[in-house]
Amino acid sequence: MKKSIFILSVAAALLFTSCGTTKTVKGSGIKGNAAKVQKSYVTILDYQGASFGSEIPQWVVEIGNGNYSAEALSPILPGISGKKPFVVVARGDNLEYTRQWADLVDVENQVGDEMQRIVGKAVSAVQKGRAKQVGDTKDATVLEQELNMYKQAVSAVELNGLEKIASYWIQKEVKPSKNSKESKVYYEYYAVWGMNKKLYDLQIQSALDGVEDNTDEGKALKETLSLKLQNMMITSNDETITEEADEEI
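Source: prediction; values computed, not measured.

*Asks:* What is the right way to look at the overall build of the protein in this model?
*Replies:* The number of helices and strands found in the protein is 8 helices and 4 strands. From first element to last, N terminus to C terminus, the protein shows the α and β order α-β-α-α-β-α-α-β-β-α-α-α. A separation threshold of at least 6 residues defines the contact pool for the protein, and within that pool the share at least 24 residues apart is 78%. When the accessible surface of the protein is split by element, carbon and sulfur atoms take 50% of a total near 15,100 Å².

Okay, structure coming up:
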């Protein structure tokens, strides 16, 4: 079974909201050959509650549309208000295996991995900025120690009180073209987890306060990390979104 889980930090959500514009931009009239766009044809074969005539919940639709924040989910998903949400979407051939892996392994591992990724990107960005300043460079060993110091700090964050708020599954069939005889059938498992937002923020701040770096650069780095880690969320979308989010750190 092939399982696909990717990470998404809040910076990616900012990319979506900043893409819109109220101005009409006129084209130059110059264009190349028409682009080839490969379309996938997806059919829903079954879903949770289908045998009872139930509808697919709106919160599942919102997650499918890229809306993962507490603000987006709170009005349509009871139990998320006041909590820090974490969304996990797993795919697999076997529903039970996919569900158990996502619930027992993925959520805490993915949160920890995402914290480490954010720390690595932020510390590296500060190091690059420092290197550009004339006469202000550090030994590679010292830089590595600084990175490990922050990574170790956030690794101590415990997700106390994390609980599953809702879950849902859909069985899909995807074809590379409309009339293709080839197809792939898989289950998509959606789970929304949450923990008390104030408790989560306090744990993040406490972890960063424990880092002995009281320089001006260190204080600025801690503020940046605190904001990004507090706003962090996990989900499963396209890997390119994660790469775009990295550019914003």
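Having seen the model, we can carry on.
*Asks:* Please clarify how the packing of aromatic side chains should be interpreted in this entry.
*Replies:* Counted according to the given criterion, the structure contains 3 aromatic pairs. Ring centres 6.0 Å apart and planes at 20° place the aromatic pair Tyr-97 and Trp-101 in the stacked group. Separated by 4 residues within a single helix, Tyr-97 and Trp-101 lie in helix α4 (residues 95-131), roughly one turn from each other.

*Asks:* I would appreciate a short explanation of the pattern of salt bridges in the present structure.
*Replies:* Pairing between side chains of opposite charge can happen when the charged atoms of each approach one another. Applying the stated criterion to the full structure yields 8 salt bridges. With its nearest N and O atoms 2.8 Å apart, the salt bridge here joins Lys-164 to Asp-103. Note that Lys-164 is positioned in strand β3 (residues 163-175) and Asp-103 in helix α4, a separation of 61 residues in sequence. Measuring nitrogen to oxygen at the nearest pair gives 2.7 Å for the salt bridge that ties Asp-201 to Lys-197. Here Lys-197 and Asp-201 lie together in helix α6 (residues 197-209), a separation of 4 residues that amounts to about one turn.

*Asks:* What is the right way to look at the pairing of strand β2 (residues 83-92) in this model?
*Replies:* Here is the key point about a regular strand: its side chains alternate between the two faces of the sheet. The buried fraction of β2 is high, at 8 of 10 residues. Direction of pairing for β2 relative to strand β4 (residues 184-196): antiparallel, over a ladder of 10 bridges. Directly across from Gly-92, in β4, lies its bridge partner Tyr-187.

*Asks:* Just to check I follow, could you spell out the packing of α6 against helix α7 (residues 216-230) for this structure?
*Replies:* Between α6 and α7, the least distance of the axes is 10 Å, while the angle of their chain directions is 150°. Between α6 and α7, the angle is such that the two are roughly antiparallel. For the crossing formed where α6 meets α7, the hand is right-handed. For the pair α6 and α7, contact is made by Lys-197, Tyr-200, Asp-201, Ile-204, Gln-205, Leu-208 and Asp-209 and by Lys-222, Leu-225, Ser-226, Leu-229 and Gln-230, respectively. The residue makeup of the contact of α6 with α7, split by class, is 5 nonpolar, 3 polar and 4 charged.

*Asks:* Would you take a moment to explain the environment of Phe-86 for this structure?
*Replies:* Here Phe-86 shows up in strand β2. Sequence-wise, Phe-86 and Met-195 are 109 residues apart; in three dimensions their C-alpha atoms are separated by 8.7 Å.

*Asks:* Just to check I follow, could you spell out the nonpolar core for this structure?
*Replies:* Where a protein is soluble and globular, its nonpolar side chains tend to be buried together. The biggest cluster of nonpolar side chains holds 34 residues, and the ones touching the most others in it are Phe-86, Met-115, Tyr-150, Tyr-200 and Leu-225. Mapped onto this core, the elements with two or more residues apiece are β2, α4, α5 (140-155), β4, α6 and α7. Top contributing element to this core by residue count: α4, with 9 residues. Counting 15 residues, the second-largest nonpolar core is a separate cluster that includes Leu-73, Ile-170, Tyr-190 and Met-233.

*Asks:* Just checking my understanding: could you explain the confidence of the model for the protein for this structure?
*Replies:* Interpreting fine coordinate detail is not advised for predicted regions of low pLDDT. Looking at the protein as a whole, the pLDDT averages 75, with 71% of positions reaching at least 70. Every residue in residues 1-21 scores below 50 in pLDDT, and together they form 51 contacts with partners more than four places removed in sequence or on other chains. Long-range and interchain partners of residues 237-249, a stretch whose pLDDT sits below 50, account for 26 contacts in this model, where long-range means more than four residues apart.

*Asks:* I tried to follow the environment of Arg-117 on my own but got confused; where do I start?
*Replies:* You can see Arg-117 is positioned in helix α4. Classification of Arg-117 as buried rests on a relative accessible area of 18%.

*Asks:* Help me out: how do you make sense of the pairing of β3 in this one?
*Replies:* Bridge count for strand β1 (residues 41-47) against β3 is 6 bridges, and the pairing is antiparallel. Across the sheet, Thr-43 pairs through a bridge with Glu-173, a residue of β3. Direction of pairing for β3 relative to β4: antiparallel, over a ladder of 11 bridges. The residue bridging Lys-164 from the neighbouring strand is Trp-193, located in β4.

*Asks:* Where do I start with α6 in this structure?
*Replies:* Helical periodicity: at 3.6 residues per turn, an α-helix aligns residues three or four positions apart in one direction. End to end, α6 covers 18 Å across 13 residues, agreeing with the expected 18 Å (1.5 Å per residue, within 8%). Where α6 starts, the residue carrying a side-chain oxygen 3.0 Å from the main-chain nitrogen of Lys-198 turns out to be Asn-196.

The rules behind the values
- Residues numbered from 1 in each chain as written.
- Predicted model: local features only at pLDDT ≥ 70, side-chain atom pairs only at ≥ 80, totals over all residues.
- Heavy atoms only, no water.
- Helix = DSSP H or I, 4+ residues; strand = E, 2+ residues; numbered from the N terminus.
- Contact = heavy atoms within 4.5 Å.
- Areas by Shrake-Rupley, 256 points an atom, 1.4 Å probe, with all protein chains shown as cover.
- Phe/Tyr/Trp six-rings, centres within 6.5 Å; stacked < 30°, edge-to-face > 60°.
- Salt bridge = Lys/Arg side-chain N within 4 Å of Asp/Glu carboxyl O.
- Buried < 20%, exposed > 50% of the residue type's maximum accessible area, 1.4 Å probe, protein only.
- Pairing = 2+ DSSP bridges.
- Axes fitted to C-alpha atoms, helices over the stretch in contact; angles between N-to-C directions.
- Parallel < 35°, antiparallel > 145°, perpendicular 65-115°, else oblique.
- Left-handed = near helix turned anticlockwise from the far one by under 90°.
- Nonpolar A, V, L, I, M, F, W, Y, C, P; charged D, E, K, R; others polar.
- Core = buried A, V, L, I, M, F, W, Y, C linked by side-chain atoms within 4.5 Å.
- pLDDT = per-residue confidence, 0-100.
- Expected span 1.5 Å × (residues − 1).
- Polar contact = N/O pair within 3.5 Å; in protein donor to acceptor, adjacent residues only side chain to side chain.

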